Amino acid sequence: MGSSLPPKEANLFKVIVKSYETKQYKKGLKAADAILKKFPEHGETLSMKGLTLNCLDRKSEAYELVRRGLKNDLKSHVCWHVYGLLYRSDREYREAIKCYRNALRIDPDNIEILRDLSLLQAQMRDLTGFVETRQQLLALKPNHRTNWIGFAVAHHLNSNCSKAIDILDAYEGTLEDDYPPENERCEHGEMLLYKVSLLEECGLLDRALDELYKKEAKIVDKLAFKEQLVSILVKLGRVEDGEKLYRSLLLMNPDNYRYFVGLQKCLKLYSESGQYTTEEIEQLDVLYKSLAEQYSWSYAAKRIPLDFLEGEKFCHAADNYVRPLLTKGVPSLFSDLSPLYDHCGKADILEHLFVELETSVKTSGCFPGRDKKEPPSTLLWILFLLSQHYERRGQHDLALVKIDEAMKHTPTVIDLYSIKGRILKDCGDLVAAAALADEARSMDLADRYLNSECVLRMLEADQVGLADKTAVLFTKDGDQHNNLHDMQCMWYELASGESYFRQGDLGRALKKFLAVEKHYADMTEDQFDFHSYCLRKMTLRAYVSMLKFQDQLHSHSYFHSAATGAIRSYIKLYDSPLKPTGEEDGDVSGMLPAQKRKHKQKLKKAEARAKKEAEEKNDEANSGSMSKSGKKQHAKPVDLDPHGEKLLQVEDPLLEATKYLKLLQNNSSQSLETHILSFELNMRKRKILLAFQCVQAVKQLIKLDENSPDSHKCLIKFFHRISSSSAPVTDSEKLIWNVLEAERTNISQLLGKSLVEVNKSFLEKHKDSLMHRVAAAEMLYVLEPDKKLEAIQLIQDSTNNIAPLRNGALGPVGVWKLEDCISVHKLLELVFHNPDVALSWKVRCAGYFPYSTYFGGLKSSAVVGLANGNEYGAPIKEDLNHHVVGGSAQNGNLHSFKDLTI
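Residues numbered from 1 in each chain as written. Predicted model: local features only at pLDDT ≥ 70, side-chain atom pairs only at ≥ 80, totals over all residues. Heavy atoms only, no water.

Visitor: Outline the overall build of the protein, listing residues and values.
Guide: From N to C terminus, the protein includes 46 helices and four strands. When each of the 902 residues of the protein is scored for burial, the buried share is 47%. Contacts in the protein between residues far apart in sequence, at least 24 positions, make up 59% of those at least 6 positions apart. Surface accessibility of the protein: about 46,600 Å² in total, with carbon and sulfur atoms responsible for 52%. (Helix = DSSP H or I, 4+ residues; strand = E, 2+ residues; numbered from the N terminus. Buried < 20%, exposed > 50% of the residue type's maximum accessible area, 1.4 Å probe, protein only. Contact = heavy atoms within 4.5 Å. Areas by Shrake-Rupley, 256 points an atom, 1.4 Å probe, with all protein chains shown as cover.)

Visitor: Could you give me a rundown of a nonpolar patch on the surface, with the residues and numbers involved?
Guide: On the surface, Phe 692, Leu 735 and Val 739 cluster together to form a nonpolar patch covering roughly 240 Å² of accessible area. Along the polypeptide, Phe 692 turns up in helix 38 (residues 691-705). (Patch = residues over 30% accessible without salt bridge, like charges linked within 9 Å, V, L, I, M, F, W, Y side chains within 5 Å. Salt bridge = Lys/Arg side-chain N within 4 Å of Asp/Glu carboxyl O.)

Visitor: Please set out helix 14 (residues 239-252) residue by residue, giving values where relevant.
Guide: A rise of 1.5 Å per residue sets the reference length of helix 14, with its 14 residues, at 20 Å; its end C-alpha atoms lie 20 Å apart and thus fit the reference within 8%. Lining the buried residues of helix 14 we find helix 13 (222-235), helix 15 (257-266) and helix 16 (278-294). (Expected span 1.5 Å × (residues − 1).)

Visitor: Outline the packing of aromatic side chains, listing residues and values.
Guide: We describe a pair of aromatic rings using the distance from one ring centre to the other and the angle between the two ring planes. Per the stated rule, a full pass over the model turns up 19 aromatic pairs. The rings of Phe 260, Tyr 276, Tyr 288 and Phe 308 are connected pair by pair, giving a single aromatic cluster. Looking at Lys 222, its charged tip hangs above the ring of Phe 225, at a distance of 6.0 Å from the centre. (Phe/Tyr/Trp six-rings, centres within 6.5 Å; stacked < 30°, edge-to-face > 60°. Lys NZ or Arg CZ within 6 Å of the ring centre and 35° of its normal.)

Visitor: Account for the nonpolar core, naming residues and giving values.
Guide: Judged by nonpolar contacts, the single largest core of 115 residues is most densely connected at Ile 149, Leu 291 and Leu 326. Among the elements that line this core, the one with the most residues is helix 22 (residues 376-392), at nine residues. The residues contacting Leu 291, other than those within four sequence positions of it, are Arg 247, Leu 250, Phe 260, Leu 263 and Ala 301. Formed by 45 residues, the second largest nonpolar core is a distinct cluster that contains Ala 434, Met 490, Ala 566 and Tyr 660. (Core = buried A, V, L, I, M, F, W, Y, C linked by side-chain atoms within 4.5 Å.)

Visitor: Residues and numbers for the packing of helix 33 (residues 557-575) against helix 37 (residues 672-685), please.
Guide: Where helix 33 contacts helix 37, the two axes come as close as 11 Å, and the packing angle between them is 20°. Overall, the two elements helix 33 and helix 37 adopt an arrangement that is roughly parallel. The two elements helix 33 and helix 37 cross, and the hand of that crossing is left-handed. Contacts between helix 33 and helix 37 involve His 560, Thr 564, Ile 567, Arg 568, Ile 571, Tyr 574 and Asp 575 on the former and, on the latter, Glu 673, Thr 674, Leu 677, Glu 680, Leu 681 and Arg 684. Classifying every residue of the contact of helix 33 with helix 37 by side-chain character gives five nonpolar, three polar and five charged. (Axes fitted to C-alpha atoms, helices over the stretch in contact; angles between N-to-C directions. Parallel < 35°, antiparallel > 145°, perpendicular 65-115°, else oblique. Left-handed = near helix turned anticlockwise from the far one by under 90°. Nonpolar A, V, L, I, M, F, W, Y, C, P; charged D, E, K, R; others polar.)

Visitor: Would you mind going over empty space enclosed by the protein in detail, with residue names and values included?
Guide: As enumerated under the stated definition, the model contains one cavity of 30 Å³ or more in all. Considered as a void within the structure, the largest cavity measures approximately 40 Å³ in volume. Around the largest cavity, the lining residues are Leu 326, Val 330, Pro 331, Leu 333, Phe 334, Trp 381, Phe 384, Leu 385 and Gln 388. Looking at which element gives the most residues to the lining of the largest cavity, the answer is helix 22, with four residues. Looking at the lining of the largest cavity residue by residue, the class counts come to eight nonpolar, one polar and no charged. (1 Å grid on protein atoms, 1.4 Å probe; cavity = no way out; pocket = protein on both sides within 12 Å on 5 of 7 lines; lining within 4 Å. Points joined across faces, edges and corners; volume = space filled by probe spheres on them.)

Visitor: An account of the pattern of salt bridges is needed here, citing residue identities and associated values.
Guide: Counted under the stated rule, the structure contains 51 salt bridges. Put simply, Arg 457 and Glu 460 hold a salt bridge, and the shortest N to O gap is 3.0 Å. Here Glu 460 and Arg 457 lie together in helix 26 (residues 448-460), a separation of three residues that amounts to about one turn. With relative accessibility at 8%, the residue Arg 457 sits in the buried group.

Visitor: How would you sum up helix 2 (residues 25-38)? Please name residues and give values.
Guide: Helix length check: helix 2 (14 residues) gives 21 Å between terminal C-alpha atoms against 20 Å at 1.5 Å per residue, within 8%. Within helix 2 the residues assigned to the buried category are Tyr 25, Gly 28, Leu 29, Ala 31, Ala 32, Ile 35 and Leu 36. Projected onto a plane normal to the axis of helix 2, the buried residues spread over an arc of 165° and lie on a single side. Exposed residues on helix 2 whose side chains face more than 90 degrees from its buried face are Lys 26, Lys 30, Lys 37 and Lys 38. Looking at the buried positions of helix 2, the neighbouring elements they touch are helix 1 (7-21) and helix 3 (43-55). (Arc of directions from axis to C-beta.)

Visitor: Describe the side chain of Glu 9, and please don't skip the residues or the numbers.
Guide: Tracing the chain through its elements places Glu 9 in helix 1. Residue classification places Glu 9 among the buried positions, given a relative accessible area of 5%. Each residue touching Glu 9, except ones within four places of it in the same chain, is listed here: Ile 35, Lys 38 and Phe 39.

Have a look at this one:
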């Protein structure tokens, strides 16, 4: 580096490199300027100066200097390396790899460039190239442990475990007998455990077991040693040894569910489906009774039997499990029992048990069959449990009765307000739910969870401004919303985005959804530093596990929600495009010429003022601030598009949506929503070449759930569109048409039937389901528009049947869901364009959902508030103490909702 310079300037060049490595950028710039004063066209110096400027956020200058330096010295590996580093800093990894390869053509044995290239290859999952680069590094530096380990890991990632094992064996052959030294025992033990896991993965179980026993003394992590050992023993069929080892592991941690499952497997008493024979249940019952006696402090040993016991034994075990937790007052008890509600008949048994406990404690103050008096709080927690039980079973009236009784018993318990808010939210009264959550929050202002739950309830009620002010109470001083973004608070951004979408503010909605997408991009980027760190620290098992997790990162539910939200927003933007900037609004078009001029001048002044304020904030941000330690801090630039207006100014919204759809198709292919969005997008593109993608989406929907109303609608819509379109003209169109006709014969629902017959058959098959009837009615209207009244009648004839009940204590519950009824109302209003029928439906549903503010139920906060003199239709105002006024809690007191009881 700098070899073409005189000695003095060559030393200055070394100063530039060292200053860059130690982050003394100003010192490096000073040295670079000193060289360039004498040699203004020296390529390597220009490149290093550009790299230094890049670290100071002067990117345009940086790229200009680096390209100029490269142009002046194309045969310098330094210039190519620096160009690659510049691309890498901007996450342009493919371009960076090209630069590194050009640098290696000039200097093929450069360790630093090879190491940087290997990191990028691991990041981009170029596993073949990764193996080659790690092999070069090992050949150049065979005495470095990291190069051996990196070469082995590269082969493992490239699905060549046997080669990775051979490399680790060869590495161990280079070590002395007394290795490792004291300061490297942990790292060496991790390498040994990694090698054993490779042997196990390859199926070399006997060798893996021998390796474990042989190297036991050198493995520091004894818990990992035992877990690895028991896994191998079970796979070898040595279940007796495995049983002993699992029992010793339970002594270490008797609440680890994995150890209990492993013990059951060793005893051949485990079923993946959870279904057991009577004999197996008896054996499991005996096993867990002994385990509960042995580990009396273990909750898992008492909770697991509830999953497989039935009838009287289940009732007895559940009784013994819940009693001490009710006496203690454990608020999370229902969450613990909630999975049991998916087991046939167990919800009825639990209800009978809870009611019996309530009756006994109310009458005698004791649990059934006991003489010891329970503390007064026990009744409170029984009522608390019952309210959640009834809410889970859809009996909201009873749930509210129990929670109100509990609040009357002890009005200072915060959890009661939170649960009542959840119940009202499920009932459809989102405003009251937000008010109750705010009341709970005001009772403990230092509780972050209560604050977060309150924010979520407010966002569900579309009180976005109030939710924002509440959310930032737990962020750092300064730019509050940037702090929420920096903390990757994705639940908040998703809920905000959904709220903005419901309100029609697509700009802000897109901004929130895309912020979540950026978090996932950052997570993908964050793995970069671990490629070198994990090899150096020898956390190899965790490293491989992290890479596998990263490969499935975009299948996470939060990303799925953000991507679907963004796609829906772009589709809505395509369906209802923004007005051109030159087009006048209705209010402006009715003005006189003089008024229009004044209006335009006012808008210009407001725009100029906003621009000036943004520039001033940016100047302040760039100037930085002083920390307590006296060091200069660089603040983040101000968001110049807080309302997401620029996001709406896309030329092709469907093209933007397609980017996110591809990610969903690659990572969430088992989701119905993915293929529904694919269908909706491609149908809007109106291109014959994309019709095949539509039919593929339809086929996937049918494959995933042929009885889904959405699958049926997509099927009918697509083939109706095809049959209604003009005959193909070009050869390509004819070819695609023939392919589509062939695909139609592969769909069993369409064989030998017209679309009208398919729709009738679907209706007959699902005539008792509301949403299936609605789907059939909508498709009837699509296929035969003249039968609009008949289609509407299909919806009106739907019956809200009573759900089958087995226990008389639970009242009647309709099978219709609130969100389904809301979507039906919108369909009648917006698709069928019949306001009278929509109003009739709304009145009908108000009886089914009396707490729903959407339908104006008699028990909803809207009606109760009007009866009390509060106008719930008015905008929500805020007082100085940050409490909702007019439609929510006033200074922390629920005056507006005191009548929301049975």
